[in-house]
Amino acid sequence: MDTSDAAVAGAQDVLAGFAAQVAAQPSAVALDGGPSRRMTYGELYGASEALGRRILKAGVVPGQIVGLLFDSGLDFTVAALAALRAGAAFLPLDRRQPAERLAAVLAEAAAEVVICDPGNGASVPDGCRILRNDDGVTEPDAAEVPLPEPDGAALAYVFYTSGSTGRPKGVAVGRAELAAFARAFADRLPLRGDDVVLQIAALGFDVVIEEIFPALIAGATIAFAHENGPLAPHELTRLMEQRGVTSVELTTTYWHEWVRQLYEDGRRPPAALRRVLVGSDRLDRGLIGRWLHWGVPLIHVYGTTETVVTNTMHVVGGEAVSDPDRPVPVGTPLAHSAVHVLGSDLLPLGFGETGEIAVSGALARGYLDAPELTRDRFVEIRTGPEGAGTRVYRTGDRGRLLPGGVLEFLGREDAQIKIHGYRLELGEVEAVLERLPWVERAVVVKAAGAEVPRLLGYVKRAGAPDARALTARESGQLADHCRGALPPHAVPAEFFACGTFPVTVNGKVDRVLLAETDADRAAVSVSASPPDGPLLDPVCADVVRAWQDVLGRTGLDPGRGFIAQGGSSLAAMRVIAKLRARFGVAVPLTRLLRARSAGELARFIETEQAAGTGGPTKELTEHRG
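Because the structure is a prediction, the values reported are computed rather than measured. Starting from 1, residues in each chain are numbered consecutively following that chain's sequence as written. Since the coordinates come from a predicted model, pLDDT governs what is reported: local features require at least 70, and pairs of side-chain atoms require 80 or more to be given and counted, while whole-chain, interface and lining totals use all residues. Side-chain metrics in this entry use all non-hydrogen atoms of the structure; hydrogen atoms and water are not considered.

K.L.:
Can you walk me through the overall build of the protein in this structure?
P.N.:
Each helix and strand in the protein was counted, giving 19 helices and 26 strands. By definition in these notes, contact holds between two residues if any of their heavy atoms fall within 4.5 Å. Taking contacts inside the protein between residues at least 6 apart in sequence as the whole, the part at least 24 apart equals 67%. By element, 51% of the accessible surface of the protein is carried by carbon and sulfur atoms, the whole surface being about 25400 Å². To qualify as a helix, a DSSP run of H or I must reach at least 4 residues; to qualify as a strand, a run of E must reach at least 2; elements of each kind are numbered from the N terminus. Values of accessible area rely on a 1.4 Å probe in the Shrake-Rupley scheme; residue burial ignores everything except the protein chains shown.

K.L.:
How should the packing of aromatic side chains be read in this particular structure?
P.N.:
To describe a pair of aromatic rings, one takes the distance between the centres and the angle between the planes. Pairs were defined over the aromatic rings of Phe, Tyr and Trp, the Trp ring being its six-membered one, requiring ring centres within 6.5 Å. Orientation was assigned from the angle between planes: stacked under 30 degrees, edge-to-face over 60, tilted for the rest. In this structure the tally under the stated criterion is 15 aromatic pairs. Ring centres 5.3 Å apart and planes at 35° place the aromatic pair Tyr 458 and Phe 496 in the tilted group. Taken together, the residues span a long stretch of sequence, with Tyr 458 in strand β25 (residues 455-461) and Phe 496 in strand β26 (residues 494-497) at a distance of 38 residues. In textbook terms, an aromatic cluster arises when at least three aromatic residues are bridged by ring pairs, as seen for Phe 76, Phe 90, Tyr 157, Phe 159 and Phe 213. Only Lys NZ and Arg CZ are tested; either one counts as a charge over a ring when it is within 6 Å of the ring centre and within 35 degrees of the ring normal. For Arg 85, the ring lying beneath its charged end belongs to Tyr 45, and the centroid distance is 3.9 Å. Of note, Arg 290 hangs over the ring of Tyr 263, and the distance from its end group to the ring centre comes to 3.7 Å.

K.L.:
When you look at the packing of helix α2 (residues 14-24) against helix α3 (residues 41-57) in this model, what are you seeing that I'm missing?
P.N.:
When two helices pack together, their arrangement is given by the angle between their axes and by how far apart the axes lie. Remark: α2 packs on α3, axes separated minimally by 8 Å, with the N-to-C direction vectors making an angle of 135°. One element, α2, and the other, α3, form an angle in the oblique class. For the pair α2 and α3, the sense of crossing is left-handed. Of α3, the residues touching α2 (which contributes Phe 18, Ala 19, Gln 21 and Val 22) are Tyr 41, Gly 42, Leu 44, Tyr 45 and Ser 48. In terms of residue class, the contact of α2 with α3 is built from six nonpolar, three polar and no charged. Every axis corresponds to a line fitted to the C-alpha atoms, with the helix fit spanning only the stretch in contact, and the corresponding angles, defined between N-to-C directions, vary from 0 to 180 degrees. Working rule for angles: under 35 degrees goes down as roughly parallel, over 145 as roughly antiparallel, 65 to 115 as roughly perpendicular, anything else as oblique. Each helix crossing is assigned a hand: it is left-handed if the near helix lies turned anticlockwise from the far helix by less than a right angle, otherwise right-handed if that turn is clockwise. In the scheme used here, Gly and all other residues not listed as nonpolar or charged are polar, with Ala, Val, Leu, Ile, Met, Phe, Trp, Tyr, Cys and Pro taken as nonpolar and Asp, Glu, Lys and Arg as charged.

K.L.:
How should the sheet that holds strand β24 (residues 439-446) be read in this particular structure?
P.N.:
Within a sheet, adjacent strands bond to each other through the backbone by hydrogen bonds, running parallel or antiparallel. At least two bridges found by DSSP between two strands is the condition for calling them paired. Pairing in this open sheet of three strands is mixed, and the strands run β24-β25-β26 from one edge to the other. This sheet does not close on itself; its edge strands, each paired only once, are β24 and β26. The mean angle between the axes of side-by-side strands here comes to 25°, regardless of whether they run parallel or antiparallel. Where β24 meets β25, seven bridges bridge the pair, whose relative direction is antiparallel. Of the residues in β25, the one forming a bridge with Val 445 is Leu 456. Strands in contact with helix α13 (residues 426-433) are β24, β25 and β26; relative to β24, the strand with the most contacts, it is inclined by about 150°.

K.L.:
I keep staring at helix α9 (residues 252-264) and nothing clicks. Help me out?
P.N.:
Residues spaced three or four apart along an α-helix point in a common direction, a consequence of the helix completing one turn every 3.6 residues. For α9, built from 13 residues, the straight-helix expectation of 18 Å at 1.5 Å per residue is met to within 8% by its first-to-last C-alpha distance of 18 Å. Buried means the residue's accessible area, taken with a 1.4 Å probe over protein chains only, is under 20% of the maximum for its type, while exposed means over 50%, and partly exposed covers the values in between. Buried within α9 are the following residues: Thr 252, Thr 253, Tyr 254, Trp 255, His 256, Glu 257, Trp 258, Val 259, Gln 261 and Leu 262. On its buried face, α9 sits against α8 (233-243), β11 (247-251), β12 (275-279), α10 (285-294), β13 (298-302) and α17 (569-583). One or two residues past the end of α9 sits Gly 266, with phi positive at roughly 65°. One less than the residue count of a helix, multiplied by 1.5 Å, gives the span that helix is expected to have.

K.L.:
In this structure, what is going on with the packing of α2 against helix α7 (residues 207-218)? I would like to understand it.
P.N.:
Put simply, α2 and α7 touch, their axes get as near as 7 Å, and they point 45° apart. Comparing the axis directions of α2 and α7 gives the class oblique. Residues Val 14, Gly 17, Phe 18 and Gln 21 of α2 lie in contact with α7, whose contacting residues are Phe 213, Leu 216, Ile 217 and Ala 218. Residue composition of the contact of α2 with α7, grouped by class: six nonpolar, two polar and no charged.

K.L.:
Which parts of the structure should I look at to understand the nonpolar core?
P.N.:
One broad rule of soluble globular proteins: the nonpolar side chains tend to lie buried together. The criterion is simple. A nonpolar core is a set of buried Ala, Val, Leu, Ile, Met, Phe, Trp, Tyr and Cys residues joined through side-chain atoms within 4.5 Å. Counting 77 residues, the largest nonpolar core has Phe 90, Tyr 157, Ile 209 and Phe 213 as its most contacted members. Not counting chain neighbours up to four residues away, the residues in contact with Tyr 157 comprise Ala 89, Phe 90, Val 171, Ala 172, Val 173, Leu 178, Ile 209, Val 308 and Val 309. If you look at the next biggest cluster of nonpolar residues, it comprises 60 residues, including Trp 255, Leu 570, Leu 592 and Leu 601.

K.L.:
Is there a simple way to think about helix α4 (residues 73-85) in this case?
P.N.:
When the terminal C-alpha atoms of α4 are compared, their 18 Å separation across 13 residues agrees well with the 18 Å that a helix rising 1.5 Å per residue should span. Here a polar contact is recorded for every N or O atom pair within 3.5 Å, except that within protein the pair must consist of a potential hydrogen donor and a potential acceptor, and residues adjacent in sequence are included only if both atoms are side-chain atoms. For α4, the N-terminal cap is Ser 72; the gap from its side-chain oxygen to the backbone nitrogen of Leu 74 is 3.3 Å.

K.L.:
I would appreciate a short explanation of the side chain of Asp 75 in the present structure.
P.N.:
Examined against the element boundaries, Asp 75 turns out to sit in helix α4. Residue classification places Asp 75 among the buried residues on the basis of a relative accessible area of 11%. Non-local contacts of Asp 75, meaning those with residues more than four positions away in its chain, are made with Arg 37, Phe 70 and Asn 133.

K.L.:
What exactly am I supposed to notice about the environment of Ala 23 here?
P.N.:
Checked against the element boundaries, Ala 23 lands in helix α2. In sequence terms Ala 23 and Tyr 41 are 18 residues apart; their C-alpha atoms lie 8.7 Å from each other.

K.L.:
Before we go on, may I ask you to explain unusual backbone geometry in this structure?
P.N.:
Phi is mostly negative for residues that are not glycine, and the peptide bonds are mostly trans. Cis geometry marks the peptide bond from Leu 189 to Pro 190, where omega comes out at -10°. Residue placement: Pro 190 occurs in the loop between α6 (175-188) and β9 (196-199). Positive phi, normally seen in glycine, also occurs at Val 308, with a value near 65°. Looking at Val 308, the relative accessible area reads 0%, which means it is buried.

Laid out in structure tokens, this is it:
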């Protein structure tokens, strides 16, 4: 048994670790959702116990999976603990997902009960029973329902990730593996009782596991960022200062935007901050240099859902700036993991040799209802001539091990990408597009060199080769079809028609060429040009111009919202920075995302200016006479 296997075998269940903190400091703040929404460790213990009994009373039996559908991270945390206390496993759901997708994952997971807050009941598919986690709900009969003892061999949670066949994959993780990860992560940082950990990840993203369970077994406080919607960088800074946040993990793209905003504003990271973790994409070396000047540790992390969130860590130093030809390492394994680099024969390679990254130790059990895929990705390898078989997960990532066991991540071996922090199988998006009867073939790529990450969708019409530009109606149908079947981050920003797809010398579709193709040469984008009409007022015109600058496109319709025209949360942050520079008004991210037109956003800016929140500070474009 290697050290990572021993860490799994000897891990204390997360409920036991949580209970130890309840006994040690019952009045310490466990969850901080703002001044009016705080729970102590004692209160969290009581609330999760009461909801756990209600789960059992609703007919859930230990070992079953229950869905969790929440907007509030605080309520999600209570429900996740309650599910574990009932002996059940939890399945995080996202109401932004299409109804068809929600119904499919609940059916595959055989989750008959969904726990939700009052506002999300309408999003629960037919056929599921709803258990609302209303504040103050009491069921006297439930108090008599006994809670089972924790079982390390039981299932803890299921997360659904992108699947190359067009069907999402349910990754099932056991309680022993969760416990080993939580302890290894808390010890490695280390987390202490005076830490304040920011919960900022989307609740359907597995990083939420990292934000919640290590903190609870360490006696730390969890502060919740999204109780009122997503945050722009300037809003994040303010919230971290208000809550005294000491630890946060951000996607690399968000961290890039945050550092740029701090630098442009002449500010530093919040004083209480002890560390920032970043992962999911390549780091900008120029921004690393700025960050290191501020003296706050920057930790580069690597992991996958199948290997229980985070497997390696590396504290970024000055060498990341001084040696620009080398990738920034993702570090050495945590105690619950071991990392291997394999050749095509699945045998371990030596230091410095490039191959496929594989991880052993605390691993998922596999994929729900997908035994062939599980056998393909979870395999046994031999780690030496006489070594016993070791179960590993083949990540599909390329990398190499340096002396000392430090891992470098070098990219993907297949068509999986990272976008806005999520791993996405491009084949899933292509399969959805090909369900349309008039689409014979679809190819989806991540645009090369784009300031804001975005997807491009290329389609070949059924029948004879037809390279006519897509009509606005066809483009709209493609976009609407994707929105009805895929999560928001998986919907292409633009669509193009191809009579034939370019191919490489090996006869495969040349995705690199498609990713680098000038969008204007191929077709009409999803967003039609605005109709002829009166000239826009100056504020509205500047809003549209900011949208177009960020998205790198012209002809956006001022009568439609930013998201409806291919925008994303990350792109919206860039727009906010431009509008703030132009008008001196800090537009909340949720306001921009929900605005139904450029005019609506322009009226908000004018209202804020009239209220005295600030005026123009610099021109967005050249002065118009």
